[in-house]
Amino acid sequence: FGLIVPGLDDTLAIVLAAKSSRINLLGLSTSAGNTSITNTTKNSLDILHNIHRQDVIVVRGSDKLIAGEAHLAEHMHGSGGLGGVTIPSSNITAIV
């Protein structure tokens, strides 16, 4: 399992890990950061769908912080978290 906040950099990490013959990627756990938890979870599912790895489980993390306030980076990563890039959507849902 990997903890992911899918923005542009984490998208590359997901693709590399999911396609590597040396990594057995079983699942991803999402969190807010670059954008909302809703967006990071959707982005994870959509990325996996588009690289034909729907077998990888996505677990939606908490939308609450342990401490402090959330400071999203949507000014850098766009409102959807992928810098304005849109990709075909997955019909798979995350574990909540």
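Residues numbered from 1 in each chain as written. Predicted model: local features only at pLDDT ≥ 70, side-chain atom pairs only at ≥ 80, totals over all residues. Heavy atoms only, no water.

If you tally the helices and strands in the protein chain, you get three helices and three strands. In sequence order, the secondary structure elements of the protein chain are arranged as β-α-β-α-β-α. What you see for the protein chain is a C-alpha radius of gyration of 13 Å, in line with the 12 Å of a compact globule of 96 residues. With the C-alpha coordinates aligned to their principal axes, the bounding extent of the protein chain is approximately 40 × 30 × 25 Å. (Helix = DSSP H or I, 4+ residues; strand = E, 2+ residues; numbered from the N terminus. Rg over C-alpha atoms; globule rule 2.2 N^0.38 Å.)

In this section: the pairing of strand E2 (residues 27-30). Sheet topology places E2 next to strand E3 (residues 57-60); four bridges connect them, and they run parallel. Directly across from Ser29, in E3, lies its bridge partner Val59. Note on the crossover from E2 through helix H2 (residues 37-50) to E3: the handedness is right-handed. (Pairing = 2+ DSSP bridges. Right-handed = clockwise from strand over helix to strand, strands pointing away.)

Once that is clear, we can look at a nonpolar patch on the surface. A surface patch of nonpolar side chains, amounting to about 240 Å² of accessible area, comprises Leu8, Val85 and Ile87. Turning to its location among the elements, Leu8 is positioned in helix H1 (residues 8-19). The class of Leu8 is partly exposed, set by a relative accessible area of 46%. (Patch = residues over 30% accessible without salt bridge, like charges linked within 9 Å, V, L, I, M, F, W, Y side chains within 5 Å. Areas by Shrake-Rupley, 256 points an atom, 1.4 Å probe, with all protein chains shown as cover. Salt bridge = Lys/Arg side-chain N within 4 Å of Asp/Glu carboxyl O. Buried < 20%, exposed > 50% of the residue type's maximum accessible area, 1.4 Å probe, protein only.)

The next subject is the side chain of Thr30. Inspection of the secondary structure assignment puts Thr30 in strand E2. At 2.7 Å, the side chain of Thr30 and the side chain of Thr41 are in polar contact. (Polar contact = N/O pair within 3.5 Å; in protein donor to acceptor, adjacent residues only side chain to side chain.)

All chains considered together, the criterion is met by three salt bridges. Here Lys42 and Asp46 are joined by a salt bridge, their closest N and O atoms 2.4 Å apart. Within this pair, Lys42 and its partner Asp46 are both found in helix H2, separated by four residues, close to a single helical turn. Residue classification places Lys42 among the partly exposed positions, given a relative accessible area of 38%. By relative accessible area, Asp46 is classed as buried at 4%. Two residues, Arg53 and Asp55, come together in a salt bridge whose shortest N-O distance is 2.9 Å.

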